[in-house]
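# Inside the fold
Residues per chain, in single letters:
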Amino acid sequence: MRRWLRVQGDSSKTLELVKAYSVPIRDDRISKLITCYVKALQKAIDMIWDNIEWGYSFPKIVRRGRGLTVITGLKIHIPMTPGDNVFRKSLRDMLMKDNPYASHWVDAVIRTAYSIMENWRKRYLKGRARKIKPKIRRRFARCKITLMKIDHESKSIRITLRPGEYLSIPWRSTWFEHRVKDWVVGEIIIKDDRIVIPFKSSEEIRVIGWDSNELSLDGYEPSIGFIHVDLRPLQSMKIVYERKKANAQRKGRRELYEKYVARERNRVRDFINKLSAGLRRLSPNSIHVFEDLDKGDMVSRKRVKKARRKRNHRTPCGS
C-alpha cells in the first residue's frame, strides 16, 4: 500500500510505503482479549448509532456558461455522527465499566468504532450502503501504539494487556525479516491465531507529468529535461491491422478477423509493456502521471467527425 505524505516545490514527493506481515501465535489470553474487544466495539457502534442526527441535503443547481448543472440531484438523508467531547467522555465512561484490560484498549475501541462509522457514512452517501447499523462479524483487535513497546534490536513487540501483564511477539528469524529492515512498526492487528504487523517506510520520489498526443508522449523531469516518446510505430501498427481486419470482414472470414484482432491486441500490449519498462529504466525512482482522457468524448459521433474519430480510436487510452 502507498500513501502520499507531502508535496515539495521541486516536483518531488515523499511516499509512505506500508507492508503487512503476519506472525502465527498461540495464547489463550488472545481469544479472551478479542472477545472483550469485539463486544466493546459493538457497544460503541450501538451508542454512536443511537445518537446520530439525520439531516437533509436538497437538490442544488448552479449556472455554468449558458446552461444549468445539477450538483445534487435528489433530496437525501445525511447522517451526522456525534463527535463532541461530552459524548466521547460518556462513551468512554460506559465502556470502562466492563473493561478488564488497560484503559488504552477502550481508547482503541472508540477510535476503531468511529473509523467504522465514518466508512459506513461515506459508502451510504455514495449509495453503496443501506441505512442499517454496522455489525462486527469478524474477530479482531486493533492495538494502539501506546499499548506497544517495540524493541528493534531484539525485533520484538511487547503488548500491554493489563498493568503488569504483557504479551510478547517476536519477528526475528521470520521469512520477511530482511524485507522490513530499518522499517517502522505501525499499529498491529490481533487475530485468534496470528498477529498482523504493518511496517512503514518513506522515500522521496520524482514526479514526471506527461502530455498525451496522437503521435507522441511529451514529459519533463528536472534532472533529465524534456522527454519525447515517438508513438508513430504504434499508430502504424494500428493502421496496418485496421486494413487487415477490414479485408477479412469484406471476405466474410470471421476466423481470420478474430486472429487479426488477437494479434493486434498482443502487439499493442507488447509495445506498451516495452515502453513502460523503458520509462522505468530512464527514471527508476519516479511516479509517472498521465492525462485522464475521456475516450468516450473523443469518439463521440455527435462531437467529432468520422475521420478524427478513427484517428482517436487508435490511441489505447485505457492501457
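Preceding this section is the structure that the text describes.
Residues numbered from 1 in each chain as written. Predicted model: local features only at pLDDT ≥ 70, side-chain atom pairs only at ≥ 80, totals over all residues. Heavy atoms only, no water.

## Structural notes on the pattern of salt bridges
- Throughout the structure, instances matching the rule amount to 16 salt bridges.
- We note a salt bridge from R29 to E165, for which the minimum N-O separation is 3.4 Å. In this pair, R29 sits in helix α1 (residues 28-50) while E165 sits in strand β10 (residues 165-170), placing the two residues 136 residues apart along the sequence.
- Take R29: its relative accessible area is 29%, and that puts it in the partly exposed class.
- As a salt-bridge pair, R162 and E165 come within 3.0 Å of each other at their nearest N and O atoms.
- The exposure class of R162 is partly exposed, given its relative accessible area of 29%.
- Residue class for E165 comes out partly exposed when judged on its relative accessible area of 22%.
- In the salt-bridge network here, residues are joined through shared partners; they are D27, R29, R162 and E165. (Salt bridge = Lys/Arg side-chain N within 4 Å of Asp/Glu carboxyl O. Helix = DSSP H or I, 4+ residues; strand = E, 2+ residues; numbered from the N terminus. Buried < 20%, exposed > 50% of the residue type's maximum accessible area, 1.4 Å probe, protein only.)

## Examining the sheet that holds strand β8 (residues 148-151)
- In spatial order, the strands read β8-β9-β10; together these 3 strands make up an open sheet with antiparallel pairing. Taken across any chain shown, the strands that pair with only one partner, and hence form the sheet edges, are β8 and β10. Each strand of the sheet is rotated relative to its neighbour by a mean of 20°, with strand direction disregarded.
- Both strand β9 (residues 156-162) and β10 contribute to a ladder of 6 bridges, which runs antiparallel. Residue S156 lies in a different strand from β10, and its bridge partner there is P170.
- This element, α1, spans β9 and β10 of the sheet and lies at about 110° to β10. (Pairing = 2+ DSSP bridges. Axes fitted to C-alpha atoms, helices over the stretch in contact; angles between N-to-C directions. Contact = heavy atoms within 4.5 Å.)

## Observations regarding unusual backbone geometry
- Within the chain, K155 stands out as a residue other than glycine whose phi angle is a positive 55°.
- You can see K155 is positioned in the loop between β8 and β9.
- One non-glycine residue with positive phi stands out, namely S173, at about 65°.
- Structurally, S173 is set in the loop between β10 and β11 (184-185).
- In this structure S173 comes out as exposed when scored by relative accessible area, which is 66%.

## Overview of helix α4 (residues 232-250)
- Its 19 residues give α4 an end-to-end C-alpha distance of 27 Å, which sits within 8% of 27 Å, the value for a rise of 1.5 Å per residue.
- Within α4, the full set of buried residues consists of L234, Q235, M237, K238, Y241, K245 and A248. Buried positions in α4, seen along its axis, are confined to an arc of 155° and lie on one side of it. Opposite its buried face, α4 presents the exposed residues R232, R243 and R250, each directed more than 90 degrees away.
- One or two steps after α4, the chain reaches G252, where phi turns positive at roughly 70°. (Expected span 1.5 Å × (residues − 1). Arc of directions from axis to C-beta.)

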